Amino acid sequence: MIIVDDRLCIEALARRPVPTSMPDETVATTWGFHFRLLRALADARLTGSLSRATSADVRAAAVEPPPATLVVLDPRRSTAMAATVAAAHGLNLLAAELLAAAKVHDARVVVAAGNLGRHWSTAFAAEHVDLQAVSF
């Protein structure tokens, strides 16, 4: 399994290969990144890369992603772990949820370089989770 951020969710939903993903690897995202994606797509006032580069088909698929394309992870399985890693590493909710989901699901994480938080690399390394940032 590979867990991705909102920017890479667009790639998966558009049925483009997610950078560094392996064939037949499950592509997943956290509830927080799914919310952030839907928020960006729902607000016509926003003009960021998510809202600009998204077709109507991708917008529709984002609401309830087909599981073969993108899995939205249930946060209940990793919430306790998220609280623990947030306290240990001073992470915000988005980063803590991402790190905890990766640990619980034994997954690696790939995010767009622009989404990489300042302390994420250190926290992920300390927790032995593979974190990659990719540029587009």
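Before any of the text, the structure's been laid out above.
First, a word on scope: everything that follows refers to the structure included in this document. (Residues numbered from 1 in each chain as written. Predicted model: local features only at pLDDT ≥ 70, side-chain atom pairs only at ≥ 80, totals over all residues. Heavy atoms only, no water.)

**Section: the pairing of strand E4 (residues 108–112)**
Counting buried positions along E4 yields five of five residues, so the element is predominantly enclosed. What you see with E4 is no split at all: Arg108, Val110 and Ala112 on one side and Val109 and Val111 on the other are buried throughout. Pairing between strand E1 (residues 2–4) and E4: three bridges, direction parallel. Looking across to E4, one finds that valine 4 is bridged to valine 110. For the segment spanning E4, helix H7 (residues 120–126) and strand E5 (residues 131–134), crossover handedness is right-handed. (Buried < 20%, exposed > 50% of the residue type's maximum accessible area, 1.4 Å probe, protein only. Helix = DSSP H or I, 4+ residues; strand = E, 2+ residues; numbered from the N terminus. Pairing = 2+ DSSP bridges. Right-handed = clockwise from strand over helix to strand, strands pointing away.)

**Considerations on the side chain of glutamate 25**
Relative to the elements of secondary structure, glutamate 25 occurs in the loop between helix H1 (6–13) and strand E2 (27–29). Reaching out from glutamate 25, the side chain makes a polar contact with the backbone nitrogen of methionine 22 at a distance of 2.9 Å. Of the polar contacts made by the side chain of glutamate 25, one reaches the side chain of arginine 108; its length is 3.0 Å. Filtering out sequence-adjacent residues up to four positions away, glutamate 25 remains in contact with Met1, Ile2, Thr20 and Arg108. (Polar contact = N/O pair within 3.5 Å; in protein donor to acceptor, adjacent residues only side chain to side chain. Contact = heavy atoms within 4.5 Å.)

**Things to note about the environment of leucine 41**
Looking at the secondary structure, you find leucine 41 in helix H2 (residues 31–42). As a C-alpha pair, leucine 41 and valine 63 span 22 residues in sequence and 9.6 Å in three-dimensional space.

**Some words on the side chain of histidine 34**
Note on placement: histidine 34 falls in helix H2. Relative accessible area serves as the criterion here: at 10%, histidine 34 is assigned to the buried category. Ignoring sequence-local partners within four residues, the contact set of histidine 34 consists of Thr29, Ala62, Val63, Pro65 and Val72.

**Here's the deal with the nonpolar core**
Considering soluble globular proteins, one finds that nonpolar side chains tend to be buried as a cluster. Ile3, Leu91, Leu98, Leu99, Val109, Trp120 and Phe124 are the most contacted members of the largest nonpolar core, which has 23 residues in total. For this core, the secondary-structure elements that each account for two or more residues are helix H5 (79–89), helix H6 (93–104), E4 and H7. With eight residues, H6 is the single largest residue contributor to this core. If sequence neighbours within four positions are ignored, leucine 91 has contacts with Val85, Ala86, Ala96, Leu99, Trp120 and Ala123. Grouped together as the second largest cluster of nonpolar side chains are 17 residues, Val27, Leu37, Ala61 and Leu70 included. (Core = buried A, V, L, I, M, F, W, Y, C linked by side-chain atoms within 4.5 Å.)

**Section: the sheet that holds E2**
Judged by pairing direction, the sheet is parallel, and its five strands sit side by side in the order E3-E2-E1-E4-E5 without closing on themselves. Edge positions in the sheet fall to strand E3 (71–72) and E5, since each of these pairs with one other strand and no more. As defined by bridge partners, E1 adjoins E2 across three bridges and the pair is classed as parallel. Residue pairing for E2: isoleucine 3 is matched across the bridge by alanine 28. Sitting on the sheet, H2 touches E1, E2 and E3, and the angle it makes with E2 is about 80°. (Axes fitted to C-alpha atoms, helices over the stretch in contact; angles between N-to-C directions.)

Keep in mind that these numbers describe shape and distance, not what the molecule does.
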